[in-house]
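# Residue-level structural notes
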Amino acid sequence: MNGTVFPQNGIHIRDRLTLHPESGTCDVIFEAVPVLQGATAAVSYRVLKSFPPAPGLREANESRQLSLRGPEVSYGIGQTEMEFSRADGHIKLDWRLRPGKGLDLWLEVTNVGNQPVQIDELRVLDLPAGDGALELGTPARYWSVYQNGWQSWSPTFARHTDNGTYVDPQNDDYRLKHQPHTPTRGINSEWVTVIAPRPPLAQGISLLIGFITLADQLAEVRLELDEQLQFTHLQAICYADGIALQPGERLFSERLTLTAGEDPLALLESYAARLGETMHARPADNPPTGWCTWYYFYGENTADDVLDNLQLIESQRLPLDYVLIDDGYQAAIGDWLHVDADKFPADMAALARQIKAAGRRPGIWTAPFGVEAEAPLVTAHPDWLLRDEAGEPVVAWTHMGRGPVYALDLTHPQVQDWLADTFRTMRQEWGYELFKIDFLFAAALPGRRHDPQITRAQALRQGVSIIRQAIGNDAFLLGCGAPLGPCLGLVDGMRIGPDVAPNWKPFWQDLSMPAMENALRNVMTRAFIHNHWWVNDPDCLLIRTRDDESDLKLNEMRTATTLIGLSGGAAFLSDNLVTLRPGRLKYLRQILPPLGQAARTLDLFEHEMPRLLMLPISRPWGEGVVVACINWEDHTVSTTLDLDALGLPKGYYHVYNYWRRRYLGQVEGSLTIGRHQPHETVLLLFKPVSDRPELLTSTFHVAQGAVEVADASWQGTWEKGRTLILRLEKPGEQYGRLLFAVPTDYRVTGCRVNGRRRQAQQVAAGVIELGFTLQDAAQVELDFTTQHATRNA
């Protein structure tokens, strides 16, 4: 790439970069706007007097920093990338920049001295306000900043800089599980953020800063503002965790990309697609469905409970693939091959065979990177534990009913062998086909490892990789409690939020606690990663009534059903079918099978708790959009939907209220929901009004036809009469309705379901409804004629 030298204005590279070699900085330009001004890079490190360092030596060695900012920096301009370089006698720092649709950046650190050095932080982007600026065309007090949490359960949403709902409980348990780096007063987002003007208060350009490789180092983006909400610092940091470089050795950071545009959600979607490609993601063709023991029995279930539910799955013809045996079968956390004989008197292999004999696939839960303090493994292999600087075992979490659980050292060869043997046994000898691996963050906690040259990210990825190899590529691997980045390319599915619960709000103010509201927040805010990184797991559906171990009201249960169904991801039920009212099963059936396509969170950057999901539907039988509008308030509100804001072209639309089973008529411009009840989701279909008869909607699935209507065709002519033929395919047995729009000039002369005549009902002027029970498949035929043809006849 060629650059033109402007002595006072720097070196301009295309329309993307201006290099300032005299200061070791650059300006990053998007759409002729210098969004980042005075950006640079830096590294923090320590010079070692001995190697390997003794415990505590990391703190004893003085921390040093080498920044590119300042005079005497060298630079180079190549055909595809540029670089800044500086050395200080101990290390040499190279900052590489590659313009394209955006700008890719990374660091290379080389030990050029004669002593080993420990690398702590690689600041791939460093922009302090005193030496630079971040310009988005709107004041920082009106910014909305996407904060991605560290692991599955970590709160994730677009935070408002002026005020908001984010809460830091500031206790040891929260810091351990959700804050892998030193907390700051700013907004810390793991791996990616988007800084956007907050609609409708402000307009301008949005900036995405995200790492596009995630395998070797934990990484975060930090934005800091002062008390007056003025910008003070922006950093993108990779954590090398004290990796030592011998003289002549070098270390690369993860790669960072910067992109900008007017649509912040589109930036996240494009980033998710690119990251999935670079990390070789493996989303499944069909999201898994199943039944899970956890959220009713909470580990107290027996083998008989599993078999009783298995029998009801069969008798109720529920199209569920897996039976997932969650926590509680094992003798101890970390002692996975020894079973609690009181609850599971037969072995787990026998139970797997029974599940398979019933036509389902067995799944099993583990927390493979932890071992409870009282487990035999601790006494037999104390050297397998991750240790802190004082030599004490690192407590990863406290398990319900079992006490403290220690983190295992995944860099220890014997731990690796044990892990592989455990999962090979479960897969090959026991016969399990889905593996839910939980509490994975334990592998990435700080501590002294057997191999000090392995980072936290590498230790976690190494452990998950061992499991993947042991179970093979044909088994489904579902991550949970997992730092997201290092698991990419290894897991098939990933929990994306806190645990659901049979209560709406958490028991105290903690956005990571089990609660339906907390879980659903992340379902919406991480929807864009579905099918790019893995199959999203929104967690289990709970449909039981309030007299059966639940506090969820009907509107709350319907909201959970809607958002889980529109996530397009995994769909697992976790109620006890033995006590469940059979009428409640209709809610489960209405999200099966999963669509596979995630709805878009339209107001992600407008509301910290988004209120609008939209699922575009385009099928041979027609086009429309499904819109979920949520009232998170504890009181009834009036909600108005602006069709322009939904991105709908101008014109008239049929509107159908799914949960109320009510046709709302034709609207133009806007729709007002006069009594939007607390915690209620109003699920609407908007379909353009046509001058010809057509399928309007279906109640067999929350996606309203997108799943179950397999084909639509017409036969005949309007002069003699035409027949609309629909083929429906949906496993199981379910009652539902099809609605059809019949304009004034047309009338229905006959209806048939699987060849048998049926009577359609008129529900409104120009709209008819046909109800029937669908058993796996059906052919629906409607005969139409025009008024003109009727008069001629």
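This text goes with the structure placed above it.
Summary of the structure given here. (Residues numbered from 1 in each chain as written. Predicted model: local features only at pLDDT ≥ 70, side-chain atom pairs only at ≥ 80, totals over all residues. Heavy atoms only, no water.)

Before going further, it helps to spend a moment on the sheet that holds strand β22 (residues 289-292). Taken in spatial order, the eight strands of this open sheet run β33-β32-β31-β30-β26-β23-β22-β34, and their pairing is parallel. Sheet topology places β33 (535-537) and β34 (571-573) at the edges, where each strand pairs with a single neighbour. Looking at each pair of strands side by side, their axes are set apart by 25 degrees on average, direction ignored. As defined by bridge partners, β22 adjoins β34 across three bridges and the pair is classed as parallel. Bridge assignment links Gly290 to a residue of β34, and that residue is Phe572. Of the strands in this sheet, β23 (322-325) and β26 (361-366) are in contact with helix α6 (residues 348-357), which crosses β26 at around 140 degrees. Of the strands in this sheet, β30 (434-437) and β31 (476-479) touch helix α9 (residues 456-471), which is tilted by about 155 degrees from β31. (Pairing = 2+ DSSP bridges. Helix = DSSP H or I, 4+ residues; strand = E, 2+ residues; numbered from the N terminus. Axes fitted to C-alpha atoms, helices over the stretch in contact; angles between N-to-C directions. Contact = heavy atoms within 4.5 Å.)

Our next topic: α9. Counted at 1.5 Å a residue, the expected span for α9 with its 16 residues is 22 Å, and the 23 Å between its end C-alpha atoms agrees. The positive-phi residue at the C-terminal boundary of α9 is Gly472, with phi of around 85 degrees. (Expected span 1.5 Å × (residues − 1).)

Taken in spatial order, the six strands of this open sheet run β35-β36-β37-β42-β39-β40, and their pairing is antiparallel. Strand pairing shows two members of the sheet lacking a second neighbour, β35 (600-601) and β40 (662-667), which therefore form its edges. In terms of strand pairing, strand β36 (residues 612-619) meets strand β37 (residues 622-630) through eight bridges, oriented antiparallel. Residue pairing across strands places Leu613 opposite Ala628, the latter belonging to β37.

Let's shift gears to the packing of aromatic side chains. Taken as a whole and judged by the stated rule, the model has 23 aromatic pairs. Residues Trp384 and Trp418 carry aromatic rings whose centres are separated by 6.1 Å and whose planes lie at 50 degrees to one another, so their mutual orientation is tilted. Here Trp418 lies in helix α8 (residues 413-430) and Trp384 lies in the loop between α7 (376-380) and β28 (395-399), a separation of 34 residues in the sequence. Classification of Trp384 as buried rests on a relative accessible area of 6%. Here Trp418 falls in the buried class, since its relative accessible area comes to 16%. Ring centres of Trp397 and Phe439 lie 4.1 Å apart, and the angle between their planes is 15 degrees; on these two criteria the pair is classed as stacked. Of the two residues, Trp397 is situated in strand β28 and Phe439 in the loop between β30 and α9; the sequence distance between them amounts to 42 residues. For the pair Trp397 and Phe439, a shared accessibility class is recorded, and that class is buried. Here a set of aromatic residues connected by ring pairs shows up, and it is made of Trp153, Trp397, Phe439 and Phe441. (Phe/Tyr/Trp six-rings, centres within 6.5 Å; stacked < 30°, edge-to-face > 60°. Buried < 20%, exposed > 50% of the residue type's maximum accessible area, 1.4 Å probe, protein only.)

Time to look at the pattern of salt bridges. Summed over the entire model, instances satisfying the criterion amount to 42 salt bridges. Note that Glu121 and Arg123 form a salt bridge whose closest N and O atoms lie 3.0 Å from each other. In this structure, the salt-bridge partner of Arg495 is Asp537, at a minimum N-O distance of 3.8 Å. On the criterion of sequence distance, the pair formed by Arg495 in strand β32 (residues 493-495) and Asp537 in strand β33 is long-range, its members being 42 residues apart. Arg495 gets classed as buried once you look at its relative accessible area, which sits at 1%. Residue Asp537 is classed as buried on the basis of its relative accessible area, which comes to 7%. Overlapping salt bridges, with partners in common, bring together Glu83, Arg96, Glu108 and Arg250 in one network. (Salt bridge = Lys/Arg side-chain N within 4 Å of Asp/Glu carboxyl O.)

The topology assignment puts Arg558 in helix α12 (residues 554-566). Here Arg558 occupies a buried position and makes no salt bridge, while the nearest side chain of opposite charge, Glu680, is found at 6.1 Å. A polar atom in the side chain of Arg558 sits 3.3 Å from the side chain of Tyr587. (Lys, Arg positive; Asp, Glu negative; His and termini not counted. Polar contact = N/O pair within 3.5 Å; in protein donor to acceptor, adjacent residues only side chain to side chain.)

Here we come to the state of the cysteines. In this structure the tally under the stated criterion is zero disulfides. Unpaired in this structure, Cys238 has its nearest cysteine sulfur neighbour in Cys26, at a distance of 16 Å. With a relative accessible area of 0%, Cys238 lands in the buried category. In this model Cys292 remains outside any disulfide bridge; the closest cysteine sulfur is found in Cys540, 4.2 Å from its own. Judged by its relative accessible area of 2%, Cys292 is buried. (Disulfide = S-S within 2.5 Å.)

Next up on the list: the pairing of strand β15 (residues 187-190). Burial of the side chains of β15 extends over both faces: Ile187 and Ser189 are buried on one face and Asn188 and Glu190 on the other. In terms of strand pairing, β15 meets strand β18 (residues 218-225) through four bridges, oriented antiparallel. If you follow Ile187 over to β18, its bridge partner there is Leu223.

Looking now at unusual backbone geometry. Residue Pro200 is reached from Pro199 by a cis peptide bond, and omega for that bond is -5 degrees. Checked against the element boundaries, Pro200 lands in the loop between β16 (192-197) and β17 (206-211). Note that the residue after Leu592, namely Pro593, is joined by a cis bond; omega there is -15 degrees. Relative to the helices and strands, Pro593 resides in the loop between α13 (585-589) and β35. Phi at Glu31 takes a positive value of approximately 50 degrees, unusual for a residue other than glycine. Tracing the chain through its elements places Glu31 in the loop between β4 (25-30) and β5 (33-47). Here Asp776, not a glycine, exhibits a phi torsion of approximately 70 degrees, which is positive. Within the secondary structure, Asp776 sits in strand β49 (residues 767-786).

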